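# Residue-level structure breakdown
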Amino acid sequence: MKAENKKFRTIHLSLEAIGIIFHYVPTLAIIKIVLAMISGAGTSCSFWFMQRLVDAVSSKILNGGTIEYIISAGIGFLIAMLIPIICSSYVDGMIQIEMERKIGEKLSEDVIRKFMRIPYADFESMEFQDTLIQMSRNPDRMILKLFQNTIMAMRYFMILAGLTGIFLKAGVGIAVSFSVLFAPLIWLNFKTADMMNKIYNEQTIEQRKRDYLEQLLTEKDSLLELKIFGAVRFLEKKRKALVKEVLNRRIRVKVKAHNYYLIGNFLTFVWLFSILVFLCMSALEGSITLGVFAAVLTAMGEALDDSEALYMTLQKMRWGTNVVSHFLRFMRLEEEHDPPKSKEVKGDNCIRFENVSFTYPGSEHCILKNVSFEIKGGEHIALVGVNGAGKSTIIKLLCRLYRPQSGRIVVNGIDLQEFSQEQLQKLFSVVFQDYNRFYLTLRENVAAGALERKEDDENVRKALRMAGIENEKLLMELDLPLGKLEEQGIELSGGQWQRITIARAYFTDSEFVILDEPTSGVDVITRRDFWNHITSLAKKGVTILVTTHFMDEAEYCDRISLFYKGETIAVGTPQELKDKAGADDMENTFINLIKESEKS
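In this text, all values refer to a predicted model and were calculated from it rather than measured experimentally. Along each chain, residue indices are assigned from 1 in the same order as the chain's sequence is written. Whole-chain, interface and lining totals are the exception, using all residues; otherwise, since this is a predicted model, local features are given only for residues with pLDDT of at least 70 and side-chain atom pairs are given and counted only at 80 or more. Hydrogens and water molecules were not included; the side-chain quantities draw on all heavy atoms of the structure.

## Some points on the pairing of strand β7 (residues 512-516)
- Taking burial as the measure, the 5 residues of β7 include 5 buried ones, the bulk of the element.
- With 4 bridges joining them, strand β6 (residues 428-431) and β7 adopt parallel strand pairing. Bridged to Val430 within β7 is Ile514.
- A pair of strands is considered paired only if DSSP assigns at least 2 bridges between the two. Going along the chain from the N terminus, every DSSP run of H or I of four or more residues is numbered as a helix, and every run of E of two or more is numbered as a strand. Pairing between β7 and strand β8 (residues 543-547): 5 bridges, direction parallel. Bridging across to β8, Asp516 finds its partner in Thr547. Summary of the burial criterion: residues with accessible area below 20% of their type's maximum are buried, those above 50% are exposed, and those between are partly exposed, where the area comes from a 1.4 Å probe applied to protein chains only.

## Considerations on empty space enclosed by the protein
- For each structure, a 1 Å grid was placed over the protein atoms alone; sets of points admitting a 1.4 Å probe that cannot get out are labelled cavities, open sets with protein on both sides within 12 Å along at least five of seven lines are labelled pockets, and lining residues have an atom within 4 Å of a point. Grid points are joined across faces, edges and corners, and a volume is the space filled by probe spheres set on the points. Considering all chains together, one arrives at 1 cavity of 30 Å³ or more under this definition.
- Around the largest cavity, the lining residues are Phe178, Leu181, Phe182, Leu185, Leu304, Ser307 and Tyr311.
- Those elements that place two or more of their residues in the lining of the largest cavity are α7 (172-202) and α11 (290-331).
- In terms of residue count, α7 provides more of the lining of the largest cavity than any other element does, 4 residues in total.
- Polar here means any residue other than Ala, Val, Leu, Ile, Met, Phe, Trp, Tyr, Cys and Pro, which are nonpolar, and Asp, Glu, Lys and Arg, which are charged; Gly is therefore polar. Split by residue class, the lining of the largest cavity holds 6 nonpolar, 1 polar and no charged.

## Some words on the nonpolar core
- Here, nonpolar core means buried Ala, Val, Leu, Ile, Met, Phe, Trp, Tyr and Cys residues that are tied together by side-chain atoms lying within 4.5 Å of each other. Judged by nonpolar contacts, the single largest core of 70 residues is most densely connected at Ile21, Phe147, Phe167, Leu279, Val296 and Phe327.
- Listed by contribution, the elements that provide at least two residues to this core are α1 (2-24), α2 (26-63), α3 (67-117), α5 (129-135), α6 (139-170), α7, α10 (232-285) and α11.
- A per-element tally of this core places α11 first, with 17 residues.
- Any two residues whose heavy atoms approach within 4.5 Å are treated as being in contact. Those residues in contact with Phe167 that sit more than four places away from it in its chain are Ile174, Ala175, Phe178, Trp271, Val296, Ala299, Met300 and Ala303.

## Here's the deal with the packing of α2 against α11
- Between α2 and α11, whose axes approach to 7 Å, the crossing angle comes to 150°. As the angle between them shows, α2 and α11 are arranged roughly antiparallel. The way α2 lies across α11 gives a crossing that is right-handed. Contacts between α2 and α11 involve Thr43, Phe47, Met50, Gln51, Val54, Asp55 and Ser58 on the former and, on the latter, Leu290, Gly291, Val292, Ala294, Ala295, Thr298, Ala299 and Glu302.
- Taken together, the residues that form the contact of α2 with α11 break down as 8 nonpolar, 5 polar and 2 charged. Each axis is a line fitted through C-alpha atoms, and for a helix only the stretch in contact is used; angles between axes span 0 to 180 degrees, taken between their N-to-C directions. Note on terminology: angles under 35 degrees are roughly parallel, angles over 145 are roughly antiparallel, angles of 65 to 115 are roughly perpendicular, and the others are oblique. Here is the rule for handedness: rotate from the far helix to the near one, and if that takes an anticlockwise turn smaller than a right angle the crossing is left-handed, while a clockwise turn gives right-handed.

Geometry only, nothing functional implied.
Rendered as structure tokens:
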């Protein structure tokens with residue numbers, strides 16, 4: 001029953017692939033199918049004309065038949081032979097190139113657009129990891145390949161049906177015996193495909209582990225660190241063990257699948273031998289003509305070749321359906337619906353968390369528990385706490401990457417959920433601790449949050465200087481590509497990359513600047529200059545929210561909110577917190593406040 005369901009699933013998903021291709025390139029898809037059918041019909045017809053041609057020639061030799069009959073049969077044979085060549089080579093090749101181009105453009109655009117609309121939580125969900133990975137690996141090519149294989153399978157079925165008609169000319173028994181042989185060979189093919197699909201699906205996690213280890217052993221930054229610690233051989237040994245385990249399991253399955261292949265070969269040999277004996281006896285007895293004998297004998301070889309090609313095509317279809325399944329699942333993922341643009345409210349740049357509680361999906365641990373605090377307009381506030389206290393979670397909620405389970409976040413008097421994505425992008429400028437390195441030009445990196453102003457060289461350079469970039473080459477050559485994607489591109493240090501992300505925050509004219517551990521990768525002098533610039537931004541009325549592990553940095557802020565185990569345990573100015581904790585420095589202030597919280 002399960003095997004039947006899998007077969008129907010293959011057929012269903014193959015038809016889905018045809019539907020997907022029809023959605024994007026209907027005209028080309030129709031032409032492709034018509035060409036395949038014409039090609040299949042031409043191949044079948046060639047054997048009919050071969051039989052007529054041989055019979056015409058033998059009749060001419062033995063009985064003095066007409067030459068016109070030979071000419072007409074010969075012309076028909078040549079045309080039938082040429083049709084598949086023309087359809088399968090030049091014309092089909094041109095159609096294929098155009099389909100690849102259009103599908104690559106249109107389907108890829110839809111996939112990227114879908115990625116942008118998927119809730120952030122789905123990217124962290126293990127349940128959807130395989131689907132998300134598959135969608136990042138050119139699904140358009142795989143879906144188009146499944147479409148091609150499906151059309152080819154239809155063509156082979158059409159040819160085999162025509163060849164069965166040829167076999168009927170020699171006797172019903174030959175046609176029936178071929179059908180009887182064909183059914184178990186198809187079953188054996190599905191059996192081997194199921195076995196291979198199963199082992200590949202079961203080894204998905206092992207495959208991801210292997211890819212990760214290979215990434216560690218080949219990327220510059222990780223390889224440097226591994227060499228310093230002498231861990232290269234350890235990881236290489238771990239990778240080899242994983243590869244060996246994966247390959248050994250696959251080899252065992254392939255050996256078993258090979259046994260099924262041998263069974264199929266044995267059945268084929270028995271059929272060939274039996275039919276050859278039958279044809280020879282029928283020809284000697286005169287019950288079939290020489291043309292039928294030649295056509296059936298030749299058709300037997302064609303039938304076996306096309307049957308094997310059909311088996312291989314069906315296997316490729318079974319493997320290809322996995323991508324279509326992921327594609328359909330991906331496109332059906334729930335999307336974030338952007339609310340209509342809220343009314344422009346000239347607020348006082350104030351942010352309020354009102355009894356906000358949050359638990360990550362799939363977890364029972366509550367990260368934030370009824371958190372309430374306020375960031376006043378133009379204020380510079382620091383969120384401080386140990387790892388896991390909930391600081392970064394607050395930033396994710398504020399950027400609407402997640403939504404609170406209870407409570408609400410109010411910005412300028414409006415619930416955060418009512419802002420459109422466009423408004424959020426203008427409201428907030430964010431520098432994340434785990435920032436990305438965009439291998440674009442320096443100008444594009446800085447202006448990523450306000451690309452409409454990317455040609456404003458003066459302010460791009462100003463933002464770079466405020467972030468601590470003093471390299472004159474960088475400041476003068478704004479169109480210099482970063483990274484090593486291009487030959488003339490330059491690679492930057494970790495600190496320089498982080499300064500560029502900070503420059504991006506400066507360049508974007510946002511009402512709120514959010515900084516998640518912004519100085520974790522820069523030196524002491526740059527840290528000092530950075531905080532001086534932040535202070536100047538605060539004086540201009542920009543509201544700033546920053547998380548930091550550096551206790552001394554908190555003193556640059558107007559107010560500090562101390563988090564511990566998902567709750568706010570203290571809020572106040574640096575001096576107020578020192579007085580409350582009875583300490584002279586910020587480090588002891590935080591330690592004392594946390595100890596008091598644990599006691600209570």
